Structure formats: C-alpha cells, structure tokens
Amino acid sequence: MLRGTRRSRVSALEGGLEEEAPPQAAAEPPAYLECPWQTEAAAEQTLLRGIFEIGRDSCDVVLSERTLRWRPIQPERPAGDSKFTLQCKEEFIELQDVFSVKLKRRFSVRQQKSGTLLGITLFICLKKEQNKLKNSTLDLINLSEDYCDTWFRQFKKILAGFSNRPKSLKILLNPQSHKKEAIQVYHEKVEPLLKLAGIKTDVTITEYEGHAVSLLQECELQGFDGVVCVGGDGSASEVAHALLLRAQKNAGMETDGILSPVRAQLPLGLIPAGSTNVLAHSLHGLPHVVTATLHIIMGHLQQVDVCTFNTMGKLVRFGFSAMFGFGGRTLALAEKYRWMSPSQRRDFAVIKALTKLKPEDCEISFLPFNNSWNIQERSAQGSPDSDYNEQWQTIQGQFLNVSIMAIPCLCSVAPRGLAPNTRLNNGSMALIIARNTSRPEFIKHLKRYASMQNQFNFPFVETYTVEEVRVRPRNRTSGYNPEEEEGSHETASEDGFPWNVDGDLMWVPSEVHVRLHPRLISLYGGTMEEMSDSKETCHCLK
Ligand SMILES: Nc1ncnc2c1ncn2[C@@H]1O[C@H](COP(=O)(O)OP(=O)(O)OP(=O)(O)O)[C@@H](O)[C@H]1O
C-alpha cells in the first residue's frame, strides 16, 4: 500500500493548496540530481519529470512506471554542506494505489464551462489502521494546460494498464436489509467512489426473497466484470449461490449431489449493509463500507472456499457457514420477531432460545481434513471408494449446537470469529460441536466468543477440521416447532429442522450433507491482517 516519508506524505495527501498559483513547469531539471533518492528512482524508467506545487512546496516530481516521487526544491548550497543531504527528503506513492485522476479546476460564477485549471488531482486508496482502507487525494498544482494535459494523459494510460480492475459492475441492492438503509448507503458512500473510478454500474433493487437468484439465472452478464451485493449475509449468500448456480448451468452441470462444481465466472463484491455482515466482516476484517468499495475498485481478489449443502441428494444451497441446534433455533425465533429492531430481535431470540435450551439427538459423520486427500484428485486418480469410506468418523449423541464453517465468521459479538482457526481459503471447514451440558456452562461457552479466552476449552465442546460432514437428526419429534414458543406444544414441524445457513433460515427435514469446495468463488477483498482485540460484546449475555 501507500508508502513514503510519513509526516510530510500525510500533509501532502490530505491538504493541498487550491487558491495559490504554482510556478510554471521547468524545462530543465534542477541542480540536485546527485541526491540518493534520485539514484533509487533511476532504477525505474522515468516517464515524466517536472515541477508541481504539492502541499505548500514547489516540488521536483518524477513519474516512473510504478511510482510517483517528489521532493521540495531546495536552494543550491555550497559544496560539502552536510545539511544538504539531510534535507533531501523524498516522498512517493505507488501508482498501484491510485484509482482515478482528474484535472483540477476552479469555477467562478461566470465560468460555467471549463473553469480555470489548477492542476491534477490523484485519487488514492490509502491504508489506515488494521485492514481499513480510506480514499484520499494528492493535488499536483500547475496552471499550464498543455503541461497538465501531458501528465494527465500519462496517468490515464497507467491507470488503463491495471486490467484487473472492474470497468462495469452489476449491482444488486436489498432495500430491506438491516434498518432499510442499503439504498442510502449505496448512494452516499459507494456510488460516488465508483463514479470517481469511472466504473459503469447497472443497479437492480431486489423486490422479494429469491429475486437475486431468479434475476441472475436470466440476466445478461456478458458486459460485466463483477457483481456487487449491497445488503446483509442473507443477500450476499443468495447472490453467491446464484452466481454458482449460473456457472453450473452454463457448464451444463447437474447441481444435485454435485462433486466438483465449476468456479463462478464473475467475482462478487460484498458491501455490508445488513444486521450481521459476517461474510463482509470475514472477508475484509471489518464491516466497513468504504473499505469494501475500495477493494472492488482496486480489483483486489480473494479466492474463497464454498460449501454445498445437500439433502436427500438434492442441492439446497451453495454457502459459507451453517449452524444447527441452538444456532438454527435462534434464527427461527429472530425471524418470527421481524417487527423488532435487528439488535433487539437478535438479543431477544438468543435469550428465548437459551430459556428453551434443548439438545438435538443426532449422528454426525465427518471426513477429516487431509491435505493430500482431495475430492478432485481422488476421482482423477481413480482411488477406490473404500479408501474414501474408511476415512469417515462418526459420533452420536445429544448436541446443543453444531457449527460447520468454511470461513472464520467474524462478527461484532465474535471479533476473532465463530471459527477463528479457519481461513477464507485453507481448503477445510471447522466442525464445532457443543454436546449437551447445563445452561450456565453453555452460556459460559457462548460468552467466551466475545472475549480473548478460548471458547473451545470446555469438556463438552469438540472441534474438528474437516472436508465433509453429514448431520443426521435421529428423532423427528425433536424437530423445532416455532408454535411451541406460543404455548401450543405440538410435535415436529412438517418443514423439518431449522438450519442457519449464512444467516438465512432453512427448514430441512432430514440429513444434511455439507461438502467443501476449495476456492470456488472470487470475492473482492484484500489480504487480511489478524485482528487482535475485542471491543464489542453481546448485550444479552452480560
Ligand atoms: N425487497 C425485498 N423484500 C424482502 N426480502 C428481500 C428483498 N430483497 C431481498 N430480500 C431477502 O432478504 C433477506 C435478508 O436480507 P439481508 O441479509 O440483506 O438483511 P439482514 O437480514 O438485515 O442482514 P443479515 O443477514 O446480515 O442479518 C435475504 O435472504 C434476501 O433474499
């Protein structure tokens, strides 16, 4: 990311004179070519060199293929002046951090059209604290039209060379996410940056649940470089599912029981505007709209593991994480109380599910993660099914919660993640099982997610690193029935058991088979630094 002489770099990037006229460009280079910075810069081929005013200084500016370097012009000193070398401070930006360039003009009341040229503005993606990106500007002031035009065209040419950056995006926006602010978030924070970067957009506001899936099955995606979802986890997961369904359809693949799905053709960007934003949080390290937008603009891509969720040989969903038992019941309850605010609803549902805490009687089989044991390789090498079958392990019992997670699942109540040892693309899933225990012990385990203590260090909690899992409830009558919450104690719901798949509620009547598919989708996001501290806690578990 952005580097340079820190103190003065900040002043140049965040300040910038707009009113004062800078000097004209110098035809000849100034007389301090012997400084060390010149030698370093000389390693790269110089494209342009000249004088601009940056901050409050007249600077000698050198544009090379990868960097823009500058340093204030110093008056000539007598030979042997030791201070001279000390004052020879350079600053630079890497051009890969620049996402737009504009001619800077000042418009007076009578100048409606072109305005007075002041210079050039570079728009830069700046790395702030841990994982956070910020947009910033660098003004290069020079009043000469011809001079600025030469530099402007050179900057444009360099930017056009970043072929990984999207030029056209399909945007899907869920107007119902969180407190219905996705549209506002998009127009106020995302759209202006996309426009600045010259990215064309085609926006669809989704009208109902499942709209993204039906739309992405039919719409023309040829002219787009990526798809962006503005919403929460439910929307993001739905769009990822839709892109993967479309990829299978285009490849002529059956989706039911699919072993080796093909990769999604377009990358997906996630703008967090929902109530939990686990996917965006896990991808970016924080649920920050500008960070997410800048990763899209810069074309930063992460290959991310995806799971298939099948039941009775039929594909239910492509997704990233699932919870069964307490996690599924809590979501089923929260959905019933949609009229409450998102945080109230979540806290209320957790408390209610804890009050009614009960275990699920089930059998869990899993295939432990084995680096050398890959489904594709296995079928390519023609390994016998018996080898594969022998690897499976089975456990049975009464389980309060079962989590299966292909990504770390960072969120405000679990800043290190619900599955902190999993990465976005390590080719494995975390299987986390909480066996039956007392309510206070289970609450202690839940509270640990918000703290720095190990949430798995309990005798009733088991964790496994796996490639595949089958969860088979053994007693249909233990299926959750939302009517029970209102006092009418009926038997199992006809719909089956509630699963929380990426924050979406799914009722599944029988066994669920989860299989990991490494790096199946590309998401717009950068490499993440590990978060070290936890600031937020769950209000309902204090
Ligand atoms: N216009 C709409 N009306 C109702 N539901 C919609 C609409 N558009 C999309 N949906 C559905 O709303 C569901 C939930 O949306 P989303 O996940 O964006 O918000 P959220 O529930 O507030 O956030 P989170 O899942 O992070 O808690 C998604 O499954 C999506 O299919």
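Quick caveat: nothing in here was measured; it's all calculated off a predicted structure.

Asker: Please clarify how the site of the ligand should be interpreted in this entry.
Answerer: Taken together, 22 residues sit near the ligand, with Ser177, His178, Thr206, Ser235 and Glu238 positioned nearest. Contact between the ligand and glutamate 207: a nitrogen atom at 3.2 Å from a main-chain N or O atom of the residue. With four residues, the single largest contributor to the shell around the ligand is helix α7 (residues 233-250). Across the shell around the ligand, the residue classes break down as two nonpolar, 14 polar and six charged.

Asker: Would you mind going over the pairing of strand β13 (residues 314-319) with me for this structure?
Answerer: The two faces of the sheet receive side chains in turn, since in a regular strand these alternate between them. Pairing of strand β12 (residues 301-311) with β13 involves five bridges; the strand directions are antiparallel. Note that in β13 the partner of asparagine 310 across the bridge is leucine 315.

Asker: Just checking my understanding: could you explain the side chain of glutamate 238 for this structure?
Answerer: Here glutamate 238 is to be found in helix α7. Buried and unpaired, glutamate 238 has arginine 317 as its nearest opposite-charge partner, separated by 5.5 Å. A distance of 3.2 Å separates the side chain of glutamate 238 from the backbone nitrogen of glycine 210, its partner in a polar contact. When residues no more than four places from it in sequence are discounted, the contact partners of glutamate 238 are Glu209, Gly210, His211, Ala212, Val213 and Arg317.

Asker: Explain the environment of proline 175 here, please?
Answerer: Position of proline 175 relative to the elements: it lies in the loop between β8 (168-173) and α5 (182-196). In this structure, the C-alpha to C-alpha distance between proline 175 and valine 508, residues 333 residues apart in sequence, is 28 Å. Every residue in contact with proline 175, bar those within four places of it in the chain, is listed here: Lys180, Ile183, Ile205 and Thr206.

Asker: Hey, could you run me through the UniProt feature "domain: DAGKc" (unreviewed entry) in the protein chain in this one?
Answerer: In the numbering used here, UniProt assigns the feature "domain: DAGKc" (unreviewed entry) to residues 164-313. With 39% helix and 23% strand, residues 164-313 has end C-alpha atoms that lie 38 Å from one another.

How each quantity is defined
- Residues numbered from 1 in each chain as written.
- Predicted model: local features only at pLDDT ≥ 70, side-chain atom pairs only at ≥ 80, totals over all residues.
- Heavy atoms only, no water.
- Near = heavy atom within 4 Å.
- Polar contact = N/O pair within 3.5 Å; in protein donor to acceptor, adjacent residues only side chain to side chain.
- Helix = DSSP H or I, 4+ residues; strand = E, 2+ residues; numbered from the N terminus.
- Nonpolar A, V, L, I, M, F, W, Y, C, P; charged D, E, K, R; others polar.
- Pairing = 2+ DSSP bridges.
- Buried < 20%, exposed > 50% of the residue type's maximum accessible area, 1.4 Å probe, protein only.
- Lys, Arg positive; Asp, Glu negative; His and termini not counted.
- Salt bridge = Lys/Arg side-chain N within 4 Å of Asp/Glu carboxyl O.
- Contact = heavy atoms within 4.5 Å.
- UniProt positions renumbered as here; feature names shortened; annotations may be inferred.

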